[in-house]
Amino acid sequence: MSTAPLLVALQNQDVLQRISLELNAVGRDFTIVTNSSELVQSISGATDVIVEALLDLGASDVFGVQTSARVVVARLGSARPTLGGPGAASNVTLPELMLVEGVAAREGMHGENGGLQSILTSSLNEDCEPAGVLPAEALEGFTERVAIFCASVRGLNVPNPKREIQGLLETVLEELDSTQEMSYSASRLAVVAMGDDLYAILVPDIERVQDAARLGVRLHEAVSTTSGVMAHIGIACSPDDGTGASELIEHAQDAVLRARQAGENNIEFYSESMSRWAFERLTLEQSLRDALRNRELVVYYQPRIDIETRKILGMEALVRWIHPQFGLVSPGQFIPLAEETGLIIPIGEWILRDACRQNAAWRAMGLPPIRVSVNLSPVQFRKPNLHESVYDALDDAGLEADGLELEVTESLLMNDPAETASILGKLKSRGIHISIDDFGTGYSSLSYLKRFPINALKIDRSFISDVTTNPDDAAITTAIILMGHSLKLSVVAEGVETENQLAFLKVLQCNEVQGFLFSPPVPAERAQEMLADQQFAKAAA
């Protein structure tokens with residue numbers, strides 16, 4: 001462990017106490033200062049420095065000190081990986097740090113791009129070699145996205161505009177973090193005044209382009225709330241808009257110039273095509289959040305039919321989005337976005353509860369008892385205490401456990417099979433049915449299937465569509481049905497659209513079918529009519 005002098009400049013006593021415990025635990029010598037003047041007096045003797053963002057001393061002030069020390073600038077407040085070591089206190093974390101070589105004092109931080117370039121180059125180099133301004137090949141395997149925001153802010157009449165903008169940035173990021181609306185790293189932020197009401201902002205570790213767009217919009221809103229302030233923001237992201245520091249800064253400046261030319265209070269990406277894509281994606285995501293709040297999402301039901309009697313044995317609950325302007329939005333558009341953003345968790349919870357409530361209502365009407373099936377996404381499945389959420393949904397709806405079936409994909413089973421089996425076991429112990437959706441598309445085997453407490457296999461529709469014309473699809477479908485029956489599992493074929501497909505599956509003694517041959521997904525009111533009428537069974541009689 002390094003014994004080089006470490007200077008800790010903090011005002012937050014709680015954070016200071018936790019960091020002191022951690023540093024003592026790992027045997028690191030350090031000196032504590034609590035205000036700006038002490039820091040300026042002591043910094044020349046330190047090799048490393050931890051500076052709290054709340055301390056009245058900005059990053060540029062630290063860099064302005066004439067020292068060749070390597071400086072560590074940290075934004076505290078978020079939990080970071082612990083230093084560890086013998087005797088380390090539990091739950092004590094140090095901030096994630098950005099290492100900046102001590103060239104900033106020589107280059108300066110104001111008026112020129114040199115200081116920002118040093119910070120950016122350091123951030124890019126944290127996980128990459130070689131050092132310096134990086135060519136494209138140096139970022140191979142580099143997964144973090146760095147965003148440069150170039151903000152033109154006119155009319156911001158405060159004593160220290162740079163510090164004001166940095167404070168707004170941190171406030172916006174904290175708000176986004178609290179609502180889990182974007183992915184980013186709260187550490188290693190940098191704001192640099194570039195002259196002529198122009199500021200450059202570095203935000204590392206943004207995973208998605210639309211998150212850069214979201215942050216740009218929120219930051220723009222925060223800056224523009226002051227009367228008389230006009231703001232334009234240009235955005236450049238690595239690696240799409242460049243990989244070197246100077247290149248990204250130049251491209252962010254080009255973007256803000258285009259934003260100025262476009263009119264009042266505008267935001268632009270360096271790449272015009274990326275700008276369109278990012279803001280379209282951001283608009284769709286925001287619309288989806290609004291849809292969840294405004295109850296624009298509805299549950300449709302598709303019947304599952306007994307292949308022999310053609311009675312309705314169950315209904316699969318499927319979410320649909322009725323947009324007030326665009327009408328029915330395809331699930332292929334919004335489900336992947338919901339999974340990417342984490343919105344699939346509240347959406348999935350709502351579908352589960354609504355489906356349980358609806359089936360309980362049907363049973364209370366005296367309709368034939370059926371089972372509703374609900375898909376669990378991988379994100380939702382790994383949520384802690386999933387079984388408790390499912391139990392609560394059943395209890396709140398007053399539905400018996402045998403009235404619910406949960407569908408998980410074959411690929412989900414193969415991801416940590418032991419943990420998956422444990423979760424499914426808790427659900428099955430309550431009497432809930434479990435089925436494997438999209439079966440045949442993964443890599444599970446008979447030996448794997450025996451490990452899981454499941455009731456049914458659902459053959460993926462891709463095998464059913466050509467089952468009467470493609471020998472390979474016919475062979476796979478036959479093998480799945482035989483394997484399911486050997487394990488005493490029910491087998492359901494999805495995507496049945498023709499009488500020929502139905503006849504083929506009937507010969508193989510497939511148990512249930514589901515598809516447009518009988519009905520597309522329909523609103524709950526129509527599903528209720530179908531359940532009461534049992535029209536398919538009457539037609540087959």
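Residues numbered from 1 in each chain as written. Predicted model: local features only at pLDDT ≥ 70, side-chain atom pairs only at ≥ 80, totals over all residues. Heavy atoms only, no water.

**Brief notes about the overall build of the chain**
Here is step 1: Within the chain one finds 21 helices and 20 strands.
Here is step 2: Here the chain holds 541 residues, and 51% of them are scored as buried.
Here is step 3: In the chain, 66% of the contacts between residues at least 6 apart in sequence involve partners at least 24 apart.
Here is step 4: Looking at the chain as shown, the accessible area adds up to about 23900 Å², and 50% of this sits on carbon and sulfur atoms. (Helix = DSSP H or I, 4+ residues; strand = E, 2+ residues; numbered from the N terminus. Buried < 20%, exposed > 50% of the residue type's maximum accessible area, 1.4 Å probe, protein only. Contact = heavy atoms within 4.5 Å. Areas by Shrake-Rupley, 256 points an atom, 1.4 Å probe, with all protein chains shown as cover.)

**Overview of the pattern of salt bridges**
Side chains that differ in charge, positive against negative, can pair when their charged atoms come close.
Here is step 1: Inspection of the entire model under this criterion finds 16 salt bridges.
Here is step 2: Between Asp395 and Arg430 there is a salt bridge, with the nearest N and O atoms lying 2.6 Å from each other. With Asp395 in helix 13 (residues 386–397) and Arg430 in the loop between helix 15 (417–429) and strand 16 (433–439), this residue pair connects regions lying 35 residues apart in the sequence.
Here is step 3: For Arg430, a relative accessible area of 32% translates into the label partly exposed.
Here is step 4: Several salt bridges converge on common partners, so that one network encompasses Arg304, Glu316, Glu405, Glu407, Lys458, Glu494 and Glu512. (Salt bridge = Lys/Arg side-chain N within 4 Å of Asp/Glu carboxyl O.)

**Here we look at the pairing of strand 15 (residues 404–409)**
Here is step 1: In terms of burial, strand 15 is a largely internal element, five of the six residues being buried.
Here is step 2: Examined bridge by bridge, strand 14 (residues 371–375) and strand 15 share four bridges and lie parallel to one another. Within strand 15, the residue paired with Val374 across the bridge is Leu406.
Here is step 3: As judged from the five bridges shared by strand 15 and strand 16, these two strands associate in the parallel manner. The residue of strand 16 that forms the bridge with Thr409 is Asp437. (Pairing = 2+ DSSP bridges.)

**Here we look at the packing of aromatic side chains**
Here is step 1: With the rule as written, the count across this model stands at three aromatic pairs.
Here is step 2: Between Phe518 and Phe536 the ring centres are 5.4 Å apart and the planes differ by 80 degrees, which places this aromatic pair in the edge-to-face class. One end of the pair, Phe518, is in the loop between strand 19 (512–514) and strand 20 (522–523); the other, Phe536, is in helix 21 (residues 535–540), and 18 residues separate them in sequence. Residues Phe518 and Phe536 agree in their burial class; the two are buried.
Here is step 3: Here Arg430 stacks its cationic end above the ring of Tyr391, 4.9 Å away from the centre of that ring. (Phe/Tyr/Trp six-rings, centres within 6.5 Å; stacked < 30°, edge-to-face > 60°. Lys NZ or Arg CZ within 6 Å of the ring centre and 35° of its normal.)

**Comments concerning the layout of surface pockets**
Gaps left between atoms are located by rolling a probe of water-molecule size over the structure's atoms.
Here is step 1: Here the largest pocket is characterised by a volume of approximately 660 Å³.
Here is step 2: Around the largest pocket, the lining is made up of 33 residues, and of these Glu316, Leu318, Ile335, Asn375 and Asp437 lie nearest the centre.
Here is step 3: When residues of the lining of the largest pocket are traced back to their parent elements, those giving at least two are strand 12 (312–323), helix 10 (331–341), helix 11 (344–364), strand 14, helix 12 (378–381), strand 15 and strand 16.
Here is step 4: When residues of the lining of the largest pocket are assigned to their parent elements, the largest contribution, five residues, is made by strand 12.
Here is step 5: Considered class by class, the residues forming the lining of the largest pocket number 15 nonpolar, nine polar and nine charged. (1 Å grid on protein atoms, 1.4 Å probe; cavity = no way out; pocket = protein on both sides within 12 Å on 5 of 7 lines; lining within 4 Å. Points joined across faces, edges and corners; volume = space filled by probe spheres on them. Nonpolar A, V, L, I, M, F, W, Y, C, P; charged D, E, K, R; others polar.)

**Concerning the packing of helix 11 against helix 13**
Here is step 1: Here helix 11 crosses helix 13 at 35 degrees, and the two axes come no closer than 8 Å. The way helix 11 lies across helix 13 gives a crossing that is right-handed. Between helix 11 and helix 13, the contacting residues are Glu349, Leu352, Arg353, Cys356, Arg357 and Ala360 on the first element and Ser389, Val390, Asp392, Ala393, Leu394, Asp396 and Ala397 on the second.
Here is step 2: Looking at the contact of helix 11 with helix 13 residue by residue, the class counts come to seven nonpolar, one polar and five charged. (Axes fitted to C-alpha atoms, helices over the stretch in contact; angles between N-to-C directions. Left-handed = near helix turned anticlockwise from the far one by under 90°.)

**A closer look at the confidence of the model for the chain**
Here is step 1: Predicted confidence across the chain gives a mean pLDDT of 75, with 70% of residues reaching 70 or more.
Here is step 2: Of the regions scoring below 50 in pLDDT, residues 52–143 engages in 199 contacts with residues more than four places distant in sequence or in other chains. (pLDDT = per-residue confidence, 0-100.)

**A look at the environment of Leu517**
Here is step 1: In this structure, Leu517 sits in the loop between strand 19 and strand 20.
Here is step 2: Put simply, Leu517 and Gln501 are 16 residues apart on the chain and 9.6 Å apart in space, counted from C-alpha to C-alpha.
Here is step 3: When near neighbours in sequence (up to four residues on either side) are disregarded, Leu517 contacts Val496, Glu497, Thr498, Glu499 and Leu502.

**Here we look at the pairing of strand 9 (residues 230–237)**
Here is step 1: The buried fraction of strand 9 amounts to seven of the eight residues, a majority that puts the element mostly inside the structure.
Here is step 2: As paired elements, strand 6 (residues 147–154) and strand 9 share eight bridges and run antiparallel to each other. Paired with Ala151 across the two strands is Ile233, which belongs to strand 9.
Here is step 3: In the sheet, strand 9 pairs with strand 10 (residues 267–269) via three bridges, with the strands oriented parallel. Bridging across to strand 10, Ile233 finds its partner in Ile267.

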